[in-house]
Amino acid sequence: MSKKVFITGIDGQDGSYLSEFLLNKGYEVHGMVRRVSLEDPEHHLWRIKHILDKVKLHAASLESYPSIFKVVEQVKPDECYHLAAQSFVSYSFEDEFSTINTNINGTHFVLSAIKEKVPKCKFYFAASSEQFGMAKESPQNENTPFHPRSPYGISKVAGFHLTQNYREAYGLFACSGLLFNHESPRRGFEFVTRKITNAAAEIKLGLKAELRLGNLDAKRDWGFAGDYVEAMWMMLQQDAPDDYVIATGETHSVKEFIELAFDTVGLDWKKYVIVDDVLYRPAEVFILKGDYSKAEKKFGWKPKVNFKELVTMMVNADLERFKNMKKDICDAKD
Ligand code: F7E
């Protein structure tokens, strides 16, 4: 009999790559989505459109314990990947209460439902490099102290500790993946990488004239989401639960990302990028760089896609998307 997996946030970037990966491994894949996503799949389920006939979706909300409990009771998963969250750091400053409520309670609800109904189920928590925030050392590893700089980062620190506590107090096989920024052509448009690659493609095709951004000096450790979901699965296949940093070990500035993206389309970024103070954050995480040696030593994980490959992959996918859109419009006119 195939193993059952339950993924919260299956319709997000990571959920979509993880579902493909687990379907290929023969898992029966169940996912949690909001009711609104089922009502408007065109808008909300575009990342998993191609596998909708292979996965089973359940409507539930991170804000409702009974809704989560019911799905866990019904699916009885062998593995659970808790990816759903309000994950946009900027937005967490605009509405800190909803980010903190949803992210902390949501994690607590999933953990508690698992403990009550399927205590043998292995649990993965999507922890984040944002927990390191104003990091005390570089590169950051599993022992680096946390200093979150946003309500989002604070909510992830709490989720991390909840996960650890369920492991220690109730013996759950619960792991946290401290994932550094991970991107792809499926990244949401509000995140800086996708905002840049999408704009570079639009400007190249004459669809847009400028790109407004905030802090160009911030530095991040950017990897490819497709590589990172494999690490999530590997963590749950170990003999004992533990926490792991997943990163590339390289750091690049937003400016470097822009330069490479605009180079890919043959344009000089300085002619199009405008720095807008409104897009600065009240408290910034200036630089992050991860040390993934524990994951490499324990289960042989290493990133496969490098920075340049990631940027060109994303720019080319956006160019292709706009070209196909244009073609669709022309075909419709014919
Ligand atoms: O910002 C700067 C911004 O929003 C990256 C999430 O997945 O990774 C992500 O969090 C940097 C920041 O990602 C704009 O100030 C400049 O320094 O792409 P981002 P993030 O905040 O690092 C972690 C690991 C997560 O867990 C999160 O869920 O880019 N930046 N100008 C800008 N950022 C945005 N979004 N938009 C700008 O216009």
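You'll find the structure just up there.
Residues numbered from 1 in each chain as written. Predicted model: local features only at pLDDT ≥ 70, side-chain atom pairs only at ≥ 80, totals over all residues. Heavy atoms only, no water.

**Describing the pattern of salt bridges**
Thought 1: All told, the structure shown has 17 salt bridges when counted by the stated rule.
Thought 2: The salt bridge involving Glu116 is made with Lys115; its shortest N-O contact spans 3.1 Å.
Thought 3: Classification of Lys115 as partly exposed rests on a relative accessible area of 24%.
Thought 4: When the shortest N-O distance is used, the salt bridge between Glu296 and Lys302 registers 3.9 Å.
Thought 5: Using a relative accessible area of 31% as the deciding quantity, one classes Glu296 as partly exposed.
Thought 6: By relative accessible area, which is 47% here, Lys302 ends up partly exposed. (Salt bridge = Lys/Arg side-chain N within 4 Å of Asp/Glu carboxyl O. Buried < 20%, exposed > 50% of the residue type's maximum accessible area, 1.4 Å probe, protein only.)

**Quick word on helix 4 (residues 65–75)**
Thought 1: What helix 4 keeps buried is the set Ser67, Ile68, Val71, Val72 and Val75. Each buried residue of helix 4 lies within a common arc of 130 degrees when the element is viewed along its axis, so the set occupies one face. The outward face of helix 4, more than 90 degrees from its buried face, is lined by the exposed residues Pro66, Lys70 and Gln74.
Thought 2: Packed against the buried residues of helix 4 are strand 1 (4–8), strand 2 (28–33), strand 3 (56–59) and helix 6 (96–117).
Thought 3: Immediately beyond the C-terminal end of helix 4, within one or two residues, lies Lys76, with a positive phi of roughly 50 degrees. (Helix = DSSP H or I, 4+ residues; strand = E, 2+ residues; numbered from the N terminus. Arc of directions from axis to C-beta. Contact = heavy atoms within 4.5 Å.)

**Quick word on the pairing of strand 6 (residues 174–179)**
Thought 1: Counting buried positions along strand 6 gives 6 out of 6 residues, so the element sits mostly inside the fold.
Thought 2: Side chains of strand 6 alternate between two faces, with Ala174, Ser176 and Leu178 and Cys175, Gly177 and Leu179 buried alike.
Thought 3: Two elements, strand 5 (residues 122–128) and strand 6, share 6 bridges in a ladder whose sense is parallel. Looking across to strand 6, one finds that Tyr124 is bridged to Cys175.
Thought 4: A crossover links strand 5 with its parallel partner strand 6, the connecting element being helix 7 (residues 151–170), and its sense is right-handed.
Thought 5: As paired elements, strand 6 and strand 11 (residues 243–246) share 4 bridges and run parallel to each other. In the sheet register, Gly177 faces strand 11, and the bridge partner there is Tyr244. (Pairing = 2+ DSSP bridges. Right-handed = clockwise from strand over helix to strand, strands pointing away.)

**Details of the environment of Met235**
Thought 1: Considering the arrangement of structural elements, one finds Met235 in helix 9 (residues 225–236).
Thought 2: Taking the relative accessible area as the measure of exposure, Met235 reaches 0% and is therefore buried.
Thought 3: In the structure, Met235 is positioned 57 residues away from Tyr292 in sequence and 13 Å away in space, judged by C-alpha atoms.
Thought 4: Dropping the residues within four chain positions of it, Met235 is found in contact with Tyr124, Phe173, Cys175, Ser176, Gly177, Tyr244, Ile246 and Phe299.

**Concerning the pairing of strand 5**
Thought 1: Strand 5 sits mainly inside the fold: 6 of its 7 residues count as buried.
Thought 2: Relative to strand 5, strand 4 (residues 79–82) runs parallel, the two being bridged by 4 bridges. Its bridge partner lying in strand 5, Cys80 is registered against Phe123.

**Focus on a negative patch on the surface**
Thought 1: Negative charge collects at one region of the surface, where Glu256, Glu259, Asp263 and Asp268 lie side by side.
Thought 2: In this structure, Glu259 sits in helix 10 (residues 254–264).
Thought 3: Overall, Glu259 belongs to the partly exposed group, its relative accessible area being 35%. (Patch = residues over 30% accessible without salt bridge, like charges linked within 9 Å, V, L, I, M, F, W, Y side chains within 5 Å. Areas by Shrake-Rupley, 256 points an atom, 1.4 Å probe, with all protein chains shown as cover. Lys, Arg positive; Asp, Glu negative; His and termini not counted. Charge placed at Lys NZ, Arg CZ, Asp CG, Glu CD.)

**A short note on the site of the ligand**
Thought 1: Lining the immediate environment of the ligand, one finds 23 residues, of which Ser87, Ser128, Tyr152, Arg281 and Glu284 sit closest.
Thought 2: Within the side chain of Ser128, an N or O atom sits 2.7 Å from an oxygen atom of the ligand.
Thought 3: With respect to the ligand, the side chain of Lys195 contributes an N or O atom lying 2.8 Å from an oxygen atom.
Thought 4: Relative to its free-state accessible area of 710 Å², the ligand is covered by the protein chains to the extent of 97%.
Thought 5: For the shell around the ligand, the residue count by class is 10 nonpolar, 6 polar and 7 charged.
Thought 6: If you count residues domain by domain, the shell around the ligand takes at least three from each of domain 1 (4–183 + 223–246) and domain 2 (192–220 + 251–288 + 306–333). (Near = heavy atom within 4 Å. Polar contact = N/O pair within 3.5 Å; in protein donor to acceptor, adjacent residues only side chain to side chain. Nonpolar A, V, L, I, M, F, W, Y, C, P; charged D, E, K, R; others polar. Domains from an automatic or database assignment.)

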